[in-house]
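Chain by chain, the residues run as shown.
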Amino acid sequence: MGRNKKVNKKKGAPKLAPAVQSDLTILVDKLIKKCAKTSSSTSSKEECQEFEEIYNIVEQIRKIEKDITLPEYDREQQMKELLIWAEKKDIKVSKLSPNQYGDEGFGMTCRELIHDGEVALEVPLAAMLTEQQAVNTYLGTLISRDHLLQEMGNVRLALHVLVELLNPESEWRAYVRSLPRDQVSPLYFSPSQIRTLRNSSLLESAVKHYRNIGRQYAYFYRLLRSLPEARDWPLKEYFTYDAYRWSVCTVSSRVNSIPAAGAAAPPLLALVPLWDIINHRPGKMSTDFLVEEGKLVCYACRDFRAGEQFCMHYGHRANAELFMLSGFVVPDNPYDYAVLRCPLPATDADGATKVSLLRLLGVEDGQALRLLVGEKPVTGPIWATAVLYCAQHEFVQELSDAKNPAELLLQVQDDPRHVELREAAVKFLSLKFDLQERLLTRDLTSIAQDSTDGKDVLLQAALQVEISIFSAARRSLNSPTFVAS
């Protein structure tokens, strides 16, 4: 069973010839050195170049490991097995059933009318696959001595998923075999796809995520081959870059944070069977964990008709987070934002004073600042930066002498004494928003519009929502007030 430390071996993975294994080890060493370097990239061009250098090493590794593949199962058949298993695990899902929904993959269909507020799904904690359970497998040996696994529950859970998938007697066999193998994630992007993000605020986090997973793969590759007790572990035999990337994407796109029973205890990271089949739609939060009963409950966020797809709200998440971890974005996301950088001119005679004033507001020169959605998308820091960018010496001196420079900067928006400065700041922001909109549009049109590649579709959607934020922000500058309070 999944909680038994006994190693359950099945037919092993293909063995690499000693010379090939040596080549792989050299590449892994090269990868960990490349990924361990602290990024000094200062431009999108350098970020893209760094990604491509890591990508080229990874692809050489994948070519060597290509015949070492995780066991695969027919997902539709496994869904049937999952429902049988779920009933035994006391998962209550009487009015819902899994169904295919095109590009969304599997979702939940209502078998009958479900009313707003009605309980649609209940999953007891005992049926969840959690980070804590990993210590009860042979991974416990590794966790007890490895600081990374002790500190990072998501990494622990990713390895746990692989262990259970490779265990034919796993308690969660029906669940882990039902997990989708095809992933849409920045971790699967090619260099040409990454380059379409060169003007997007998503580029830096996408490259960072790719670098981190490359480093983690290399780290565990080394670790599993250095432990004598890992010699017979299925995880060691099947541990490849593709396997680890898949398990990381599986966890990041499905993980839930479950409140612990003790008030001081940290939340528990868990994968929740059947719960994670429900797709996202913006709306109200309608989930709760009942600590005393030890179960996660999903309530209908509205009335759902029989035959309709049942959906829930994943939480107040910006598209940047959904893009990176879940592989989709939401148009008109009220929790979304774009990022803008407005470095002050290096030749400005009042530059040092302006930088000091920005720091009083908690803003560094050239810092990434959030541009919001809604009627007032311009945040105080963006407006302050724009005003300072355009301000002449006299006003800079006035700010330096003011008791509350932040208040004075915000007042420029509607103070009749500073009409010219307001107009200059508005023009500055309008040009910035327009330029960013045009650059992103150019990148969007570089993607084949009829592409059926899920990664291209994701990139198109992400760029479109970012373009819409800058476009709406530019239009908002025509209104009397556009700075968020």
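Residues numbered from 1 in each chain as written. Predicted model: local features only at pLDDT ≥ 70, side-chain atom pairs only at ≥ 80, totals over all residues. Heavy atoms only, no water.

Novice: When you look at the overall build of the protein in this model, what are you seeing that I'm missing?
Specialist: Looking only at helices and strands, one finds 18 helices and 12 strands in the protein. Taking 485 residues into account, the globule formula puts the C-alpha radius of gyration at 23 Å, and the protein, at 26 Å, falls close to it. Structurally, the protein occupies a C-alpha span of about 80 × 60 × 50 Å along its principal axes. Taking all 485 residues of the protein together, the buried fraction comes to 51%. Sequence-distant contacts in the protein: of pairs separated by 6 or more residues, those separated by 24 or more amount to 74%. About 23,100 Å² of surface is accessible on the protein, with carbon and sulfur atoms providing 51% of the total. The centroid of the 59 positive side-chain charges in the protein is displaced by 6 Å from the centroid of its 63 negative side-chain charges. (Helix = DSSP H or I, 4+ residues; strand = E, 2+ residues; numbered from the N terminus. Rg over C-alpha atoms; globule rule 2.2 N^0.38 Å. Buried < 20%, exposed > 50% of the residue type's maximum accessible area, 1.4 Å probe, protein only. Contact = heavy atoms within 4.5 Å. Areas by Shrake-Rupley, 256 points an atom, 1.4 Å probe, with all protein chains shown as cover. Lys, Arg positive; Asp, Glu negative; His and termini not counted. Charge placed at Lys NZ, Arg CZ, Asp CG, Glu CD.)

Novice: Would you explain the side chain of His313 in this entry?
Specialist: Of note, His313 is situated in the loop between β10 (309–312) and α12 (319–326). At 3.4 Å, the side chain of His313 forms a polar contact with the backbone nitrogen of Gly283. Within polar-contact distance, the side chain of His313 engages the backbone oxygen of Gly315 at 3.2 Å. With residues up to four places along the chain from it excluded, the contact list for His313 reads His280, Arg281, Pro282, Gly283, Lys284, Met285 and Tyr335. (Polar contact = N/O pair within 3.5 Å; in protein donor to acceptor, adjacent residues only side chain to side chain.)

Novice: Looking at this model, I keep getting lost on the sheet that holds strand β7 (residues 279–280). Mind explaining?
Specialist: Working definition: the strands of a sheet are paired by backbone hydrogen bonds and lie parallel or antiparallel to each other. Strand order in the open sheet formed by four strands is β1-β2-β10-β7, with mixed pairing between adjacent strands. Both outer strands of the open sheet, β1 (96–100) and β7, are each paired with one neighbouring strand and no more. Bridging between β7 and β10 involves two bridges; their strand directions are parallel. Along β10, the bridge assignment pairs Asn279 with Cys311. (Pairing = 2+ DSSP bridges.)

Novice: What am I meant to see in the layout of surface pockets here?
Specialist: Sizing a probe to match a water molecule and rolling it over the atoms shows the empty space that remains. The computed volume of the second largest pocket comes to approximately 830 Å³. Residue lining of the second largest pocket: 28 residues in total, with Ser200, Ser201, Glu204, Val339 and Arg341 positioned closest to the centre. Only α2 (44–65), α9 (202–226), α12, β11 (337–340) and α17 (419–445) provide two or more residues apiece to the lining of the second largest pocket. Take the lining of the second largest pocket: its biggest share by element is six residues, from α9. (1 Å grid on protein atoms, 1.4 Å probe; cavity = no way out; pocket = protein on both sides within 12 Å on 5 of 7 lines; lining within 4 Å. Points joined across faces, edges and corners; volume = space filled by probe spheres on them.)

Novice: Would you take a moment to explain the environment of Glu375 for this structure?
Specialist: With respect to the secondary-structure elements, Glu375 resides in the loop between β12 (369–372) and α14 (380–390). The class for Glu375 is exposed, based on a relative accessible area of 73%. Linking Glu375 and Thr481, residues 106 residues apart in sequence, is a C-alpha distance of 8.7 Å. With residues near it in sequence (within four places) discarded, Glu375 still touches Ser476, Thr481 and Phe482.

Novice: Help me out: how do you make sense of the nonpolar core in this one?
Specialist: Nonpolar side chains tend to gather and get buried jointly when the protein is soluble and globular. Ranked by internal contacts, the top residues of the largest apolar core, which has 148 residues, are Tyr217 and Phe310. For this core, the leading source of residues is α9, giving 12 residues. Not counting residues up to four positions away in its chain, the partners in contact with Phe310 are Leu96, Met108, Cys110, Ile114, Ala120, Ile278, Asn279, Cys298, Tyr299, Ala300 and Phe304. (Core = buried A, V, L, I, M, F, W, Y, C linked by side-chain atoms within 4.5 Å.)

Novice: It is not clear to me how the pattern of salt bridges should be interpreted in this structure. Could you clarify?
Specialist: Close approach of charged atoms lets side chains of opposite charge pair. One pass over the full model with this rule turns up 33 salt bridges. The salt bridge involving Asp116 is made with Lys284; its shortest N-O contact spans 3.2 Å. Here Lys284 lies in the loop between β7 and β8 (287–290) and Asp116 lies in the loop between β2 (106–110) and β3 (119–124), a separation of 168 residues in the sequence. Looking at Lys284, the relative accessible area reads 43%, which means it is partly exposed. Taken together, the shared-partner salt bridges in this structure form one network comprising Glu59, Arg62, Asp242 and Arg245. (Salt bridge = Lys/Arg side-chain N within 4 Å of Asp/Glu carboxyl O.)

Novice: Explain the sheet that holds strand β4 (residues 129–130) to me, please; I cannot follow it from the model alone.
Specialist: A sheet is described by the order of its strands in space; here three strands give the open sequence β4-β6-β5, paired in antiparallel fashion. Where the open sheet ends on each side, the last strands, each with one partner, are β4 and β5 (256–258). Examined bridge by bridge, β4 and strand β6 (residues 268–271) share two bridges and lie antiparallel to one another. For Thr130, the partnering residue across the bridge sits in β6 and is Ala270.

Novice: What exactly am I supposed to notice about empty space enclosed by the protein here?
Specialist: If you walk through the whole model with that rule in mind, you get six cavities of 30 Å³ or more. Taken as a whole, the largest cavity spans an internal volume of roughly 100 Å³. Those elements giving two or more residues to the lining of the largest cavity turn out to be α12 and α18 (454–476). At four residues, α18 tops the list of elements feeding residues into the lining of the largest cavity.

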